[in-house]
Amino acid sequence: MTNRRDFMKLGLGAAILAPNLLSGLENPINSNVDSVLDSFFTLNNGAKIPRLGLGLWRIKNNIVENVIKEALKIGYRHFDTAQAYENEKGVGMAVRNYNIERDKLFITSKIRAEYKDYKSASKSIDDSLKLMKLDFIDLMLIHSPQPWKDFRGGDYFNQNVEVYKALEDAQKAGKVHSIGVSNFLQKDLENIFKHCTIKPAVNQILTHIGNTPFDLIEYCKSKDLVVEAYSPIAHGELLKDPSIKAMADKYHVSPAQLSIRYTLELGLVSLPKSKTPGFIAQNADVNFSISKEDLESLKKLHFKDYGEHSYFPVFSGK
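This is a predicted model, so every value here is computed, not measured.

### A short note on the overall build of the protein
Scanning the protein for helices and strands turns up 11 helices and 10 strands. Across the 318 residues that make up the protein, the buried fraction comes to 55%. Restricting to contacts in the protein with at least 6 residues of sequence separation, those with at least 24 account for 72%. Carbon and sulfur atoms form 50% of the exposed surface of the protein, whose accessible area is close to 14,000 Å².

### Structural notes on the packing of aromatic side chains
The geometry of an aromatic ring pair is captured by two quantities: the separation of the ring centres and the angle between the planes. Under the counting rule described, the total for this entry stands at 3 aromatic pairs. Here the aromatic rings of Trp 148 and Phe 151 are separated by 5.5 Å at their centres, their planes lie at 45°, and the arrangement is tilted. On the accessibility criterion, Trp 148 (22% relative accessible area) is partly exposed. When the centroid spacing of 6.4 Å and the interplanar angle of 45° are considered together, the rings of Phe 193 and Tyr 219 count as tilted. Of this pair, Phe 193 sits in helix H6 (residues 186-195) while Tyr 219 sits in helix H7 (residues 214-222), and the two are 26 residues apart along the sequence. For Phe 193, a relative accessible area of 22% corresponds to the partly exposed category. A residue is classified by how much of its surface remains accessible, and Tyr 219, at 12% relative accessible area, is buried. A cation sits over an aromatic face here: Arg 58 above Trp 57, 5.4 Å from the ring centre.

### Some details on the pairing of strand S8 (residues 202-206)
Across the 5 residues that make up S8, a large majority, 5, are buried. Burial along S8 is two-sided: Val 202, Gln 204 and Leu 206 facing one way and Asn 203 and Ile 205 facing the other are all buried. Inspection of the sheet shows strand S7 (residues 176-182) paired to S8 by 2 bridges, in the parallel sense. Note on S8: the bridge partner recorded for Ser 182 is Gln 204.

### Comments concerning the UniProt feature "binding site: substrate" (unreviewed entry) in the protein
The sites that carry the UniProt feature "binding site: substrate" (unreviewed entry) are, in the present numbering, His 143. Relative to the elements of secondary structure, His 143 occurs in the loop between strand S6 (137-142) and helix H5 (157-172). Setting aside anything within four residues of it in sequence, one finds His 143 in contact with Ala 82, Ala 84, Tyr 85, Lys 110, Ile 111, Arg 112, Ala 113, Trp 148, Ser 182 and Asn 183.

### Points about the sheet that holds strand S10 (residues 269-271)
The parallel open sheet is built from 8 strands, whose spatial order is S3-S4-S5-S6-S7-S8-S9-S10. Since the sheet does not close on itself, it has two edges, and those belong to strand S3 (54-55) and S10, each with one partner. Pairing of S8 with strand S9 (residues 226-230) involves 5 bridges; the strand directions are parallel. What sits directly across from Asn 203, in S9, is Val 227. With respect to the sheet, helix H4 (residues 118-132) is in contact with strand S5 (106-111), S6 and S7, its orientation differing from that of S5 by roughly 140°. Against the sheet, H7 contacts S8 and S9, and its axis sits at roughly 170° relative to S8.

Conventions used here
In every chain, residue numbers begin from 1 and rise along the written sequence. Local features are withheld for residues below a pLDDT of 70 in this predicted model, meaning they are given only at 70 or higher, and side-chain atom pairs are given and counted only at 80 or more; totals for whole chains, interfaces and linings count all residues. Think of the side-chain values as coming from all heavy atoms in the structure, minus any hydrogens and water. Helix and strand definitions here come from DSSP, where helices need a minimum of 4 consecutive H or I residues and strands a minimum of 2 consecutive E residues; each element is numbered from the N-terminal end. The buried label applies to any residue whose accessible area, calculated with a 1.4 Å probe on protein chains only, is under 20% of its type's maximum; exposed applies above 50%, and partly exposed to all values in between. Throughout, a contact is declared for two residues whenever any of their heavy atoms are within 4.5 Å. Values of accessible area rely on a 1.4 Å probe in the Shrake-Rupley scheme; residue burial ignores everything except the protein chains shown. The aromatic pairing rule takes the rings of Phe, Tyr and Trp, using the six-membered ring of Trp, and pairs them if the centres are within 6.5 Å, calling planes under 30 degrees apart stacked, those over 60 edge-to-face and the rest tilted. A positively charged side chain is recorded as over a ring if its NZ (Lys) or CZ (Arg) lies within 6 Å of the ring centre. The angle to the ring normal must also be within 35 degrees. Strand pairing follows a simple DSSP-based rule, namely that at least 2 bridges must link the two strands. UniProt positions are given in the numbering used here, feature names are shortened, and annotations may be inferred rather than shown by experiment. Here an angle of 0 to 180 degrees is reported between the N-to-C directions of two axes, which are lines fitted to C-alpha atoms, with helices fitted over the stretch in contact.

Shown next, in the form of structure tokens:
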């Protein structure tokens with residue numbers, strides 16, 4: 001059997017899969033499946049979303065096309081951008097210029113957190129499509145329930161209903177195939193549920209070892225929402241933790257691989273970010289299982305030191 005190191009030398013980032021008890025998957029992890037990159041969740045509207053995606057935050061527009069092309073070679077098909085990332089144009093170029101069928105890709109973008117009315121939200125969706133030169137976006141989210149300058153501040157319930165209405169109309173028009181939200185707490189979701197005609201399919205939230213909102217995750221699952229974990233490696237800060245390093249050594253993987261696998265074990269979509277081909281490949285080489293005992297140990301860790309990234313609203317502790 002080819003081992004993980006041999007796969008990494010080939011740049012494929014995919015080892016033979018180990019048994020796992022995750023439920024609700026199109027392709028549950030077992031020895032007959034080639035890679036976590038080939039595994040999907042089914043959203044509540046029937047669309048399939050790959051369980052592993054590449055986060056594109058802070059990857060500049062002039063290099064993101066090449067980053068995506070390298071990821072496509074490895075086997076990634078799921079890419080997560082946003083209007084605020086200011087790299088949608090490069091994302092679209094990669095999608096159009098790489099020789100792969102559009103329906104084999106899953107592209108996510110997000111409406112800017114500052115757009116809190118129907119008109120600006122609706123126009124922004126059209127602008128994203130024009131920038132990317134795509135016929136549709138697979139998943140479009142409200143980036144945050146509050147503008148970033150007031151993150152976790154005031155309640156924007158009425159405004160979010162307007163923005164969500166723009167998403168619903170975009171889906172009905174075929175501009176986006178699935179819709180959802182990001183950084184929404186239970187109260188924010190309840191507000192959408194009261195007014196929506198199309199149920200959100202996804203809630204994308206900050207989730208990693210040491211900072212896992214278990215109650216919110218369970219609430220989302222109870223409402224048939226897929227939860228996406230962004231920053232599963234906590235922007236690299238987790239890699240410095242001695243206990244995580246020790247457990248990673250036990251499984252003969254890197255701390256980053258352990259951190260990504262943790263979110264997958266919780267039944268979440270995982271969205272690690274990197275622009276380095278070697279790390280992009282390594283982040284996909286997570287076809288191992290964490291024991292029940294070790295998983296429970298990881299769940300009890302507390303970690304919220306984001307180093308140089310602490311000034312960003314989502315990492316501020318609000």
